[in-house]
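# Overview (structure and organization)
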Amino acid sequence: MKADLSRDTYRRHHHFARVLMQQGRVLLDADWNEQVAILLEQTRSLTADLIGPHGGPGDGFLVTCPEGLLCDLEIGRGRYYVDGVACELVPEVRCPPETDPAPVRYTFQPDFPFLIGEDDPAELQPGRRYLVYLDVWERHLNYLQADHIRELALGGPDTATRAKVVCQVKAAPLDKDVDEDLGCDALLEALVGAELRLPRCLRARARVEVPSDTPCLVPPTAQYRGAENQLYRVEIHTPGTAGGAKSQATFKWSRDNGAIVFGIRSLRGAQVQLDSLGPDRAWGLQEDDWVEIVDDVSELRALPRPMLQVDAVDRVTAEVTLAVPEGGSIPVFDEAATTHPLLRRWDQPSDAIPVQESRWIELEDGVQVWFEQGGDYKVGDYWQIPARTAVADVLWPQETGPDDAPWPKALPPSGIRHRIAPLHRIELDATGRVACGEDCRCVFAPLCSLTGENAVNPLQPPPEQTLVPLGTIEFERETATPSEASIAVLQANSARLREAIAANQLSRVDLRSIVPKEGEEGVGIAQRRGELVMKAYVEAGVPAQAITPLNISAAATGEPRVESHMLLNTPEAGAQGDVGVAVRVPVNDVPGVGDVSAERLMAAGIHDSLALSRLDEAALVQVLSTPGGRAFPHTRAAEILREARKLSGTP
């Protein structure tokens with residue numbers, strides 16, 4: 001965060017529950033910010049514990065591949081959670097509100113601008129395969145980047161800033177030396193995650209040799225010799241490694257946490273017209289200062305722009321002339337620019353500094369940093385170093401070092417923290433047509449809509465309703481094609497549903513898709529079968545909102561099937577009292593009752609285990625015996641009745 005902060009005091013390992021303000025004390029920004037950080041971490045940790053690494057409801061961030069698009073995708077609007085962070089892709093509120101907002105195109109994402117007219121590595125290439133994933137991180141915005149946060153009634157002062165959750169859908173090419181048979185999460189870790197978690201650590205110091213007895217006098221032997229309290233920021237400018245053959249990592253630093261910025265009205269060549277030159281000299285711009293031109297595109301795409309030195313400053317017109325190296329290129333902005341360009345001041349006395357590991361590097365006034373060996377540095381990695389004149393030192397955690405002497409700890413970056421989650425596998429043909437493969441999202445339904453064995457404290461239907469089994473639709477193995485006998489069941493079910501709708505009795509329809517195969521492939525097959533039955537019922541006239549979210553489960557044995565029940569607004573079952581047991585266990589779930597026997601029982605008006613338990617053996621034998629043929633055995637009937645009474649709770 002590049003806000004004007006005193007310091008950032010939140011540390012997760014402290015396990016603080018809250019911040020307690022005391023009467024008559026000075027209020028510091030760090031205390032307020034730590035309270036927010038504690039609550040935010042607790043909320044995100046709880047969400048991650050409940051949902052897992054990633055997951056979401058409905059079609060949030062669902063990747064689809066329309067036929068008319070070449071080298072492009074569509075992303076479903078909605079919400080998805082990654083490591084507990086809520087990612088939203090929702091339209092702007094309008095009046096009247098949009099009832100069915102269109103999906104977002106991959107190449108027109110609000111938080112991931114594509115490089116117009118340039119060779120953009122994020123573009124999908126024909127003939128290649130990708131793993132599409134979600135990259136989530138926090139971006140800091142000040143009043144120049146979000147002007148609406150200022151209160152104009154007070155003259156529009158620069159007060160608090162904001163942190164925004166950035167959700168970027170990206171595509172990782174599958175041409176690396178990785179095992180493509182890995183699951184989506186393991187594949188993403190191999191492609192992207194491992195690089196994000198490569199080591200990069202820093203130490204900082206400015207130790208006091210001799211304390212001073214005079215508060216206003218900095219000891220001459222103190223290693224921090226600054227006249228003011230500062231929050232130094234060390235930030236990686238160019239990614240890479242120290243002394244890297246391909247990319248030499250560089251860093252820049254600021255004594256004010258990189259918070260000194262100037263709004264750009266226009267920029268042509270080396271001439272920059274600014275909104276102002278700052279409130280005072282300390283927060284202003286001087287000749288020979290080093291600056292960086294940034295805007296929304298450079299920040300969202302992590303594109304480091306060249307560091308430039310100020311050549312001249314016109315304090316009347318607020319126009320600045322930059323020293324642009326020969327052959328160098330800088331962007332062009334006019335007053336109509338919508339990407340919020342600004343000039344950010346850095347305080348190192350030169351261009352970005354090459355990262356050198358395993359040695360102390362002096363910043364200024366005795367403040368030194370040490371990069372640990374073997375780091376792979378990313379654009380935007382930053383560390384914050386509070387420096388205090390009262391102790392002539394920097395506030396940095398210590399550990400026991402060589403010769404049992406205190407030694408600064410090696411700390412990872414304070415940010416930027418990227419959280420990632422897989423979304424979809426895709427493949428492009430030679431013409432750029434995109435084919436969607438495996439959906440890698442973890443999709444869940446709200447708890448109150450769960451039924452059956454996946455229910456958490458399921459709501460029982462009210463006494464005036466009854467659940468009636470519609471029947472079981474079986475499918476050919478490994479396909480989404482129903483068997484011939486099941487087509488007749490579908491047709492009969494549709495007729496019963498139409499009758500219930502006409503009589504104003506239908507409350508809802510429950511579907512349960514069962515497949516004797518575990519794993520992601522089995523879930524996909526079960527999903528397609530359930531959607532086929534759902535489509536048939538909708539075509540029969542059942543409102544889509546009357547069908548609850550599909551309940552998918554796996555069975556060890558048996559044929560692939562979809563079980564359906566309809567909930568009717570009738571008082572018949574409610575009069576029995578035990579509604580939850582009576583109507584939730586259909587007769588074909590009782591062991592020993594096959595589909596043929598269940599059909600005969602239902603034809604006789606026996607739809608659940610409670611009704612079945614009220615029969616005696618002779619009545620059950622009569623119902624299940626084949627007319628003019630085989631008699632049903634009494635011993636088998638006795639076993640069925642025992643199980644039915646057990647399920648229904650009948651003595």
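Read on for an overview of the structure.

About the criteria used
Residues numbered from 1 in each chain as written. Predicted model: local features only at pLDDT ≥ 70, side-chain atom pairs only at ≥ 80, totals over all residues. Heavy atoms only, no water. Core = buried A, V, L, I, M, F, W, Y, C linked by side-chain atoms within 4.5 Å. Buried < 20%, exposed > 50% of the residue type's maximum accessible area, 1.4 Å probe, protein only. Helix = DSSP H or I, 4+ residues; strand = E, 2+ residues; numbered from the N terminus. Contact = heavy atoms within 4.5 Å. Salt bridge = Lys/Arg side-chain N within 4 Å of Asp/Glu carboxyl O. Pairing = 2+ DSSP bridges. Axes fitted to C-alpha atoms, helices over the stretch in contact; angles between N-to-C directions. Disulfide = S-S within 2.5 Å.

This brings us to the nonpolar core. In this structure, F61, L73, Y106, L124, L134, V169 and I426 are the most contacted members of the largest nonpolar core, which totals 28 residues. For this core, the elements supplying multiple residues, two or more each, are β4 (78–82), β5 (85–89), β7 (129–141), β8 (162–173) and β27 (419–428). Apart from the residues within four sequence positions on either side, L124 is in contact with C71, D72, L73, Y106, Y130, A171, I426 and L428. Counting 23 residues, the second largest nonpolar core, distinct from the first, contains A249, F251, V355 and I385.

So, about the pattern of salt bridges. Here the structure, examined in full by the defined rule, presents 33 salt bridges. Here R315 and E287 are joined by a salt bridge, their closest N and O atoms 3.4 Å apart. One end of the pair, R315, is in the loop between β16 (307–314) and β17 (319–323); the other, E287, is in the loop between β14 (271–274) and β15 (290–294), with 28 residues separating them in the sequence. Given a relative accessible area of 45%, R315 falls into the partly exposed group. When salt bridges that share partners are traced, they join K2, R233, E235, K252 and E292 into one network.

Turning next to the sheet that holds strand β3 (residues 74–75). Strand order in the open sheet made by the 3 strands is β2-β3-β6, with antiparallel pairing throughout. Both edges of this open sheet fall to β2 (63–64) and β6 (104–105), since each of them pairs with a single strand only. Two elements, β3 and β6, share 2 bridges in a ladder whose sense is antiparallel. Paired with E74 across the two strands is R105, which belongs to β6.

Before going further, it helps to examine the sheet that holds strand β20 (residues 360–364). Read across the open sheet, the 3 strands follow the order β9-β21-β20; overall the sheet is antiparallel. Bordering the open sheet on either side are β9 (202–205) and β20, each of which pairs with just one other strand. With strand direction ignored, the average angle separating the axes of adjacent strands in the sheet is 25°. Alignment of β20 against strand β21 (residues 367–371), held across 4 bridges, turns out to be antiparallel. Note on β21: the bridge partner recorded for I361 is V369.

Let us look at the state of the cysteines. Every disulfide links exactly two cysteines, by a covalent bond between their sulfur atoms. Counting across every chain of the model gives 2 disulfides. C65 shares a disulfide with C436; S-S distance 1.8 Å. Taking the sign of the S-S torsion, 85° for the link of C65 and C436, the bridge is right-handed. With C65 in the loop between β2 and β3 and C436 in strand β28 (residues 434–439), this pair connects stretches of sequence that are 371 residues apart. Paired by a disulfide, C184 and C440 hold their sulfur atoms 2.0 Å apart. Residues C184 and C440 are joined by a disulfide whose S-S torsion is about -50°; by sign, that bridge is left-handed. Here the residue C184 occupies a position in helix α2 (residues 184–196), and C440 occupies one in the loop between β28 and β29 (443–444), the gap between them amounting to 256 residues. Considered together, C184 and C440 belong to a single accessibility category, that of buried residues. Sequence-ordered numbering of the disulfide-bonded cysteines in the chain gives the connectivity 1-3, 2-4.

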